[in-house]
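# Structural overview
One letter stands for each residue in the lines below.
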Amino acid sequence: MNRIQSLYASTIGKKFIASITGLILFGFLLGHVAGNLKVFTGTTADGVPHIDEYGQFLKVAGEPMIPEMFALWSARVVLLVALILHVLVVVQLALLSAEARPINYVKSRKKAATLPALWMMFSGLLILCFIIFHILHFTTGTIRLGKFEHGYIYNNLTHSFSNPVVAVGYVFVMIVLGLHLNHGVWSMFQTLGLDNPDRNKSLRVFATGLTIVIILGFIVVPISFMSGMMPGVVTYSHELLTGH
Amino acid sequence: MLTLNSKIPSGPIENAWTRHVNNNLRLVGPKNRPKYKIIVVGSGLAGASAAASMGAMGYKVECFCFQDSPRRAHSIAAQGGINASKNYRNDGDSTWRLFYDTQKGGDYRAREQNVYRLAELSTAIIDQAVAQGVPFAREYGGKLANRSFGGVLVERTFYCRGETGQQLLLGAYSALEEQIAAKTVKMHTRTEMLDLVVADGKARGIVVRNLETGKITSHAADAVVLATGGYGNVYYLSTNAKGCNVTANFRAYRRGAGFANPCFTQIHPTSIPASGEYQSKLTLMSESLRNDGRIWVPRNPEEKRAPANIPEADRYYYLEERYPRFGNLVPRDVAARNAKDVCDKGLGVGPTGYGVYLDFGAAIQDKGEEAVKAKYDNLFEMYERITADDPTKTPMRIYPAVHYTMGGLWVDYNLMTNLPGLYSIGESNFADHGANRLGASSLMQCLADGYFILPVTIGDFLSQHPAGEVDTHHPAFQEVEKEVSGQIDRLLSVNGTRSSESFHRELGKIMWEHCGISRNKEGLEEGLRKIPELREEFWKDLKLPGSSDHLNQSLEHAGRVVDFLDFGELMCRDALLRDESCGCHLREEHQTPEGEAKRDDERFAHVAVFEYKGEGVAPELNKEPLAFDALPLAARNYKT
Amino acid sequence: MKIKLHVWRQSTRTDKGRMESYELDNVVPDMSFLEMMDTLNEKLTIEGHDPVAFDHDCREGVCGMCSMVINGEAHGPKSETTTCQLYMRHFKDGAEIYIEPWRASAFPVVKDLVVDRSAFDRIIQAGGFISNHSGPKPDPNSIPIEPEVAETSLDAATCIGCGACVAACPNGSAMLFTAAKASHLGMLPQGQPERFDRAQSMVKQMESEGFGSCRNYAECEAQCPKGISIAFIGRLNSDFLRASLLEPVDRRGEMKSQ
């Protein structure tokens, strides 16, 4: 415990936590984008969209060994803890940094720091707000931006993203997320000390490449729905999905 | 009359130092060491290594430097390397040969036992530095690499790119910081020593000014060590750092310490020429460049072509022609004088006509641009930064510049001055380099003094005196403090029209003109007339801004100029009295037809030690005769 | 050349400080930046004003004393160049130049452009050394070091401790300085015994001095006059994490007399 405490007390330790939690959240995004892309694979023979089926699978994953929703909630708890820690240490570090540099230069010029890197706090804040909004929008359905019905993921997407404002908004946030990841993923290598001069270039390319793939994967969904190229709303009975 | 007992051990030179430690030196036991307080002024290679070593032994050390950190001392700027007779190349090197090279390079004006000891300790310095983590250049097999340097026929110079001084200083600095953390050394940064306190005939402390608050304070100790470097800045333009000054040494001289050979100034042959009146300092290009660079000037004074377009036949490789055996690797003074000689003949290059080419064309053709660049990377970069010329495309322009001062406080074999309890180490003393220092030997001397000699010899003095004999309540401290404050008030009250910088610049011109690369009777006498005039004007027309109770860099500088003015006179006097040529000291009256220095061993085989006799009174010359038992006198000859 | 200068003036540590403007019209392109400052100070002195205080010493780019933020960049616009090695030919005639001190709470301003960098010394005191006494040591060739390792170690050791990394970092972090020293020693065989202790204690000291945290902007590397790579920061991170998570705790046991 002592080790954890003293690690947490140091800035490098906090950054270590930020990168490990970042890695968890990044892993989640990879899974998320893989799931999202199921909107393009059509429906089962019964006419159930693959993505709806996938959503249902997440709820019952592990049955019968573990009860329904357990795996999903476990993942949610892990992600929530990761997110809270990620935000917490980053805010703590930011406060520390503000204290370390109380007076700014009258004239300031940057040679290397990129805007996405300098704006990590802003992009992070936007992403945090978006996560809350996104959960209220597509998970709980509390925020209605079109017709919403629990479990009918494909239809919910169709309803929401047919509204160009919603679709464009999602695309914008995803681009911001991309910029956040681009610095964050490479930063993770550096913070964990995995970086070195020989690997640095490949790691940067890897970080940027992976980020671009993920972000393209995310934005292709709202754009497809908005442009009307997706087949419209699908109707099927709820029993087909849940099996009872 | 000074008592100059050099305490040289008798008997054969080979084991003299060991015998001296075994038979002649008293030691202080580990239990007693913490009772003794030692003041070390200066934190360069000598000061830092001495303070760290003595701290580690258990002495209570207080170290002072005027910079904001001990790591800034000017030892950091030494580029080329450090000599050690390791004989790793198997090219016939030995302690004896390093001794021989140093003594011969110094033109037989050094005490040979000191020089031999230096050569003997050189190998231990490398071991010590490597153990501290100094990353010397390595060969592919992982063994240490060597290069050769001016004036020698073996490869014995160890180096870290072109930043050997920096790495060695950082080694000494880290050792010092280790001791500061261990609380055996207390560091006082931004604190300048303004005077020495002598009580009951012994050096007992110093008076310092805190440069940030302006506060004057006294510090008492059982011994005082001056590691305050050289005084090349008396010429205003030199390769020294802007802060280098003679104040600590000169004040010690005024308090009774003998000043030895003040006129021995080394003019380094490879510095970047000055570009205008505003020039504030000169930048050295490491002498190691002479390994691959060929020095030449156009044969025709009217030459207008770009250097690359001048055919071989029209180039005058004057060092190679005049000194076929050593060629471009002749000792520094020979190279410097020859550069001045060809420029005086109108063959000089560059906008001022005071420069010669240092050409890497042949080396690049021979070894390839990559290989040459790899060897001198940061030197080339530095040159290009300053001049906007690329040395791989067009030859460098170089010119001699004041670089090192062999003179300094007189010390005995134990590195103690004639003032009991006052030690002087590194460039600040006169001991090891005679009338000329070989390249890559200054780092060696500083570290031999600081790591290995002083920590042992200082015990001999301390063990004979009870610890804490005198504290700052002694009236001598109050007196000196009063004098120090008095001078500061006097400086601030002149209220004239000229900055201290302008006086310093003018003094520098007088010194360069009359006491520079070559000297003569008339010039020196004129110098001795001009300096008092300038001093008089200084005290009438100096303008200092601000007050003494805060950070006032102009005031710091003015105080240093006061001592430079007095000291410049002492240098000219010494140069005038030394009516011979030796090493760097070339009296035009005494040279061979080829312009070689002609020594007069009958009359001048001695150390000239000056004794302060009071304001406005000529100092008294004392002589320490030099013996040449191990290495008989011979004419210096780099031609065959 | 004619230039207009905006210089930070602050008489003491506690003074609030302000920017003041000066014009200079006798500037020569071959002048170094500090010679230009000398010219300004000469003018101010003659006119009876307080000259601008600034740190400088060797004026050849190695002592690390000079410390000016010039037009928003530590040591000015030319990369891998200290202020003292910057020349006026890098500025245009008629240029406006802003000169400010290093800004970081761990580097309080002493006067004008002079700051207190003693925090760096204390970081070194915390472990930036290989414990040693002076005396006989093994022959260096008995411990061969690959030239690549020696060279990389020297790349790190080239740090001149000027503090530009802190001045450049928007977070006022001293990671580049600390990492350079820890890596210099940590890569060499001589530095192994204290490697992990060193990483921990230097970082601890760095943090207690009030430096900010590294956010991987790489601005320090870009403004470092010696071009020291942030790869060393990665190295220190790795050593620090290894020390904190894996290495045995309290390895320095007590000496018990028999």
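Not measured: the values here are computed from a predicted model. (Residues numbered from 1 in each chain as written. Chains lettered and ligands numbered in written order. Predicted model: local features only at pLDDT ≥ 70, side-chain atom pairs only at ≥ 80, totals over all residues.)

### Things to note about the overall build of chain C
Looking only at helices and strands, one finds 8 helices and 7 strands in chain C. Out of the 258 residues in chain C, the part that is buried amounts to 61%. A sequence separation of at least 24 residues applies to 71% of the contacts in chain C between residues at least 6 apart. (Helix = DSSP H or I, 4+ residues; strand = E, 2+ residues; numbered from the N terminus. Buried ≥ 20, exposed ≤ 12 C-beta atoms within 10 Å, placed from the backbone. Contact = placed C-beta atoms within 7 Å.)

### What to know about the arrangement of the chains
Looking across the 2 pairs of chains in contact, one finds the most contacts between chains B and C. Regarding chain A and chain B, the two do not touch, and the least distance separating their C-alpha atoms is 20 Å.

### Some remarks on the sheet that holds strand β7 (residues 202–210) of chain B
All names here are of chain B. What the 3 strands build is an open sheet, ordered β6-β7-β8; its pairing is antiparallel. Only two strands of the sheet have a single partner each, and these edge strands are β6 (191–199) and β8 (216–220). Each neighbouring strand pair of the sheet contributes to a mean axis angle of 30 degrees, computed without reference to strand direction. With 8 bridges joining them, β6 and β7 adopt antiparallel strand pairing. The partner of Asp195 across the bridge, within β7, is Val207. (Pairing = 2+ DSSP bridges. Axes fitted to C-alpha atoms, helices over the stretch in contact; angles between N-to-C directions.)

### Structural notes on the domain arrangement of chain C
Interfaces are frequently sized by the accessible area removed from exposure as the parts join. Residue and element names in this part refer to chain C. Structurally, chain C comprises domain 1 (3–111) and domain 2 (117–245). Each of domain 1 and domain 2 has a C-alpha centre, and these two points are 28 Å apart. Tallied by class, residues from the side of domain 1 that touches domain 2 come to 8 nonpolar, 8 polar and 3 charged. (Domains from an automatic or database assignment. Nonpolar A, V, L, I, M, F, W, Y, C, P; charged D, E, K, R; others polar.)

### Here's the deal with the interface of chain A and chain C
Contacts between the two partners involve 38 residues from chain A, matched on the other side by 39 residues from chain C. Grouping the constituent residues of the side of chain A that touches chain C by class yields 16 nonpolar, 13 polar and 9 charged.

### Let's talk about the nonpolar core
With 300 residues, the main nonpolar core has Ile38(B), Val225(B) and Leu176(C) as its most contacted residues. If we ignore the near neighbours within four places in the chain, the residues touching Val225(B) are Ile38(B), Ile39(B), Val40(B), Val41(B), Ala50(B), Tyr423(B), Ile425(B) and Leu454(B). The next biggest cluster of nonpolar side chains, apart from the first, holds 25 residues, and it includes Tyr170(A), Met188(A), Ala207(A) and Met226(A). (Core = buried A, V, L, I, M, F, W, Y, C linked by C-beta atoms within 7 Å.)

### What about the sheet that holds strand β15 (residues 396–405) of chain B?
Residues and elements named next belong to chain B. Taken in spatial order, the 5 strands of this open sheet run β11-β15-β14-β12-β13, and their pairing is antiparallel. The open sheet has two edge strands, β11 (265–271) and β13 (315–316), and neither has a second partner. As judged from the 2 bridges shared by strand β12 (residues 294–298) and β13, these two strands associate in the antiparallel manner. Bridge pairing in β13 links Val297 to Tyr316.

### Some thoughts on the confidence of the model for chain C
Averaged over every residue, the pLDDT of chain C is 94; the share at 70 or more is 96%. With pTM at 0.94, the complex prediction returns an ipTM value of 0.96. (pLDDT = per-residue confidence, 0-100.)

### Observations regarding the environment of Phe225(A)
Residues and elements named next belong to chain A. Summarising the element assignment, Phe225 is placed in helix α9 (residues 197–227). The class of Phe225 is buried, set by 23 C-beta atoms lying within 10 Å. The contact partners of Phe225, leaving out residues within four places of it in the chain, are Leu157, Thr158, Phe161, Ser162, Ala167 and Met230.

### Side note on the packing of helix α7 (residues 153–161) of chain A against α9(A)
Residue and element names in this part refer to chain A. Following both chains from N to C, one finds α7 and α9 inclined at 70 degrees, their axes separated by 8 Å at the closest point. Of the possible angle classes, the one that applies to α7 and α9 is roughly perpendicular. Between α7 and α9 lies a crossing of right-handed hand. Residues Leu157, Thr158 and Phe161 of α7 form the contact with α9, whose participating residues are Val221, Pro222, Phe225 and Met226. Partitioning the contact of α7 with α9 into residue classes produces 6 nonpolar, 1 polar and no charged. (Parallel < 35°, antiparallel > 145°, perpendicular 65-115°, else oblique. Left-handed = near helix turned anticlockwise from the far one by under 90°.)

### Some words on the environment of Arg89(B)
Residue and element names in this part refer to chain B. Mapped onto the elements, Arg89 comes out in the loop between β3 (82–83) and α3 (95–105). The spacing of Arg89 and Arg156 is 67 residues in sequence and 7.7 Å in space, taken between C-alpha atoms. Non-local contacts of Arg89, meaning those with residues more than four positions away in its chain, are made with Asn146, Val154 and Glu155.

### Regarding unusual backbone geometry
Geometrically, the link from Glu63(A) to Pro64(A) is a cis peptide bond, its omega value of 5 degrees lying close to zero. Here Pro64(A) lies in the loop between α3 (50–60) and α4 (70–100). Backbone geometry at Asp112(C) places phi at a positive 40 degrees, although glycine is not the residue there. Counting through the fold element by element, Asp112(C) comes out in the loop between β6 (109–111) and β7 (114–115).

### What about α3(B)?
All names here are of chain B. Turning to α3, its buried residues number three or more, namely Leu98, Phe99, Asp101, Thr102, Gln103, Lys104 and Gly105. On its buried side, α3 packs onto β3 and α4 (112–132). Asp107 sits one or two positions beyond α3 and adopts a positive phi of about 55 degrees.

### Focus: the pairing of β12(B)
Residues and elements named next belong to chain B. Burial analysis of β12 places 4 of its 5 residues in the buried class, which makes it a mostly covered element. The pairing of β12 with strand β14 (residues 356–359) spans 3 bridges and is classified as antiparallel. Considered in β14, the bridge of Ile295 is made with Leu358.

### With respect to the interface of chain B and chain C
With 65 residues of chain B at the contact, the number on the chain C side is 66 residues. Sorting the residues of the side of chain B that touches chain C by element identifies α2 (45–57), α4, α5 (164–181), α10 (369–387), α11 (442–462) and α15 (553–577) of chain B as the ones contributing at least two each. Among the elements that take part in the side of chain B that touches chain C, α5(B) stands out by supplying 9 residues, more than any other. Residues belonging to the side of chain B that touches chain C are distributed by class as follows: 25 nonpolar, 23 polar and 17 charged.

### Thoughts on helix α1 (residues 33–46) of chain C
Within an α-helix, residues lying three or four positions from one another point in the same direction, as the helix has 3.6 residues per turn. The end-to-end C-alpha distance of α1(C) is 20 Å, a good match for the 20 Å that 14 residues give at a rise of 1.5 Å each. Every buried residue of α1(C) is listed here: Phe33(C), Leu34(C), Glu35(C), Met36(C), Met37(C), Asp38(C), Leu40(C), Asn41(C) and Thr45(C). If you follow the buried residues of α1(C), they end up packed against α15 of chain B together with β1 (3–9) and β2 (18–24) of chain C. Positive phi appears at Gly48(C), one or two residues downstream of α1(C), with a value of about 85 degrees. (Expected span 1.5 Å × (residues − 1).)

### Examining the environment of Asp389(B)
Locating Asp389(B) in the fold gives a position in the loop between α10 and β15. In this structure, Asp389(B) is in contact with Glu384(B) and Thr394(B), ignoring residues within four places of it in sequence.

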